[in-house]
Amino acid sequence: MTEFSTKSTIHKRLSCFVKWVAPEPETSDAIKKQADEIRDRISGKAKDDGLIIVSMPDSGSKAKNTGIRRHLKGDSEVEGQDVDIAFIVKRNDKNGNEVKELIYRFEGYAKKSYPLTTVTTTKSSVEMDFSATKLNYDLVPLLETNVADRQELIRRDSGERRKTSIVKHVEFVKKRTNASNEMKGIVKFNDCLRLMKWWRYFRQQDSGVFGNDENDKKVPSFLLDLLCAKAFDDRKVQTTWAHTLADWFGYMANIVKNRKPIYFTDYVKSPQIDTTAAWFVADPVDPTNNIVKNWQPYHITELAKWLEEARDSMVRAIARDEDKEDTGSLENLIEIFGNAFKQNCEEK
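Our subject in this report is the structure included herewith. Predicted model only: the values in this text are computed from it and were never measured.

Here the focus is the overall build of the protein. The secondary structure content of the protein amounts to eleven helices and eight strands. For 348 residues, the compact-globule formula gives about 20 Å, and the C-alpha radius of gyration of the protein, at 21 Å, lands near that figure. Structurally, the protein occupies a C-alpha span of about 70 × 45 × 40 Å along its principal axes. For the protein, buried positions account for 53% of its 348 residues. Of the contacts formed within the protein by residues at least 6 apart in sequence, a portion of 65% connects residues at least 24 apart. Total accessible area computed for the protein in this model is approximately 16,500 Å², and 46% of it derives from carbon and sulfur atoms. Of the charged side chains in the protein, 57 are positive and 55 negative; the average position of the first set lies 2 Å away from that of the second.

Below you can see the structure in the form of structure tokens.
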């Protein structure tokens, strides 16, 4: 790990922004209280419907400690951290009937439990938008399997079934955060992920390929988890945010531009690479699940361009900081993170 000065202006600015990007601490109690209430209401409706709930673990960015704050000011539209609540369901209901569909059933439970709340479905979850508390929750119903810590996801649109693991996906991220905690300096894996998520939102708002609106194609947070995990595994972290991000942006740009396969051996020792897809990024729990299998070449090109531009802006920001050009360095950082950076990069 290369050491760089942590007394530089650019490092102090990024340190302040990292603290600001994280969800407000005072929302944690409200989230827990509301999440517990949602569990009680939804599981009650599921039980009335004959389903047998095995467990209801936390998942998503809150469980991984990679969430970002909600921000809807200026030209930034960031919904905030996703609070995922998994519902692990027995494969047969109380009458012994096989459970074949979950998303629409849980959509019904949510609408009955919260008739005044906006409820929508995705391919794998039920989204609940609470306007009063400005919090969003994703209900993720999964079938239990005969393997510990493994579940089965039934896609709403196709009925396709995928093996997954709530616990292992959280563990995958926390393992790397814990490893970064053992390294010298304050740069942590989960905080780098927060910055990448913010950067993703900022770039999507002006992209003709991806977008932030409900029906727009998006760069998934799970893909960022895996890109950052690959960068961390191969490059580790530097002692400053700026040098770490410059290194990671460049490393990831090379991977995406050249469509290099991304896979991990945390849980599957010899994953098979799908050479027929335009790009291959494997779910570490189920490597047969290529999470970008439906991406077209132009999606890959767009993400590679973003990463190259972020790398170049960060390199210029570092150079200007070293030359004491604080204004120019700040302009380069705003190119990466948007105007919100300018307003939240100084101690208050």
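Past the structure itself, the notes keep going.
Turning to its location among the elements, leucine 226 is positioned in helix 7 (residues 221–235). Overall, leucine 226 belongs to the buried group, its relative accessible area being 0%. Separated by 57 residues in sequence, leucine 226 and aspartate 283 have C-alpha atoms that sit 8.2 Å apart. When sequence neighbours within four positions are dropped, the list of residues in contact with leucine 226 reads Phe172, Ile262, Phe264, Val281, Ala282, Pro284 and Ile291.

This part is about unusual backbone geometry. The backbone of lysine 236 shows a phi angle near 60°, a positive value even though the residue is not glycine. With respect to the secondary-structure elements, lysine 236 resides in the loop between helix 7 and helix 8 (241–257).

Here we take up the pattern of salt bridges. Counted under the stated rule, the structure contains 30 salt bridges. In this structure, glutamate 152 and arginine 161 form a salt bridge, with 2.9 Å as the shortest nitrogen-oxygen distance. With its nearest N and O atoms 3.0 Å apart, the salt bridge here joins arginine 162 to glutamate 160. A single network of salt bridges, built from pairs that share partners, joins Arg155, Glu160, Arg162, Asp286 and Lys293.

This next bit is on the packing of helix 6 (residues 189–204) against helix 8. Between helix 6 and helix 8, whose axes approach to 12 Å, the crossing angle comes to 65°. When you trace helix 6 past helix 8, the crossing you get is right-handed. Residues Phe189, Asp191, Cys192, Leu195, Met196 and Trp199 of helix 6 form the contact with helix 8, whose own contacting residues are Trp241, Thr244, Leu245, Trp248, Phe249 and Met252. In the contact of helix 6 with helix 8, the residues fall into ten nonpolar, one polar and one charged.

The subject of this paragraph is the environment of aspartate 321. Secondary-structure assignment places aspartate 321 in helix 9 (residues 297–322). Along the sequence, aspartate 321 and threonine 9 sit 312 residues apart, while their C-alpha atoms lie 6.8 Å from each other. Dropping the residues within four chain positions of it, aspartate 321 is found in contact with Ser8, Thr9, Ile10, Asp326 and Ser329.

Right, let's get into the pairing of strand 3 (residues 83–89). Successive side chains on a regular strand alternate, one facing one side of the sheet and the next facing the other. Buried residues dominate strand 3, accounting for seven of its seven residues. Every second residue of strand 3 is oriented toward a common face, with Val83, Ile85, Phe87 and Val89 on one face and Asp84, Ala86 and Ile88 on the other, all of them buried. Pairing analysis gives two bridges linking strand 1 (residues 53–55) to strand 3, with the strands arranged antiparallel. In the sheet register, serine 55 faces strand 3, and the bridge partner there is isoleucine 88. Note: strand 2 (residues 58–59) against strand 3, two bridges, orientation antiparallel.

The rules behind the values
- Residues numbered from 1 in each chain as written.
- Predicted model: local features only at pLDDT ≥ 70, side-chain atom pairs only at ≥ 80, totals over all residues.
- Heavy atoms only, no water.
- Helix = DSSP H or I, 4+ residues; strand = E, 2+ residues; numbered from the N terminus.
- Rg over C-alpha atoms; globule rule 2.2 N^0.38 Å.
- Buried < 20%, exposed > 50% of the residue type's maximum accessible area, 1.4 Å probe, protein only.
- Contact = heavy atoms within 4.5 Å.
- Areas by Shrake-Rupley, 256 points an atom, 1.4 Å probe, with all protein chains shown as cover.
- Lys, Arg positive; Asp, Glu negative; His and termini not counted.
- Charge placed at Lys NZ, Arg CZ, Asp CG, Glu CD.
- Salt bridge = Lys/Arg side-chain N within 4 Å of Asp/Glu carboxyl O.
- Axes fitted to C-alpha atoms, helices over the stretch in contact; angles between N-to-C directions.
- Left-handed = near helix turned anticlockwise from the far one by under 90°.
- Nonpolar A, V, L, I, M, F, W, Y, C, P; charged D, E, K, R; others polar.
- Pairing = 2+ DSSP bridges.

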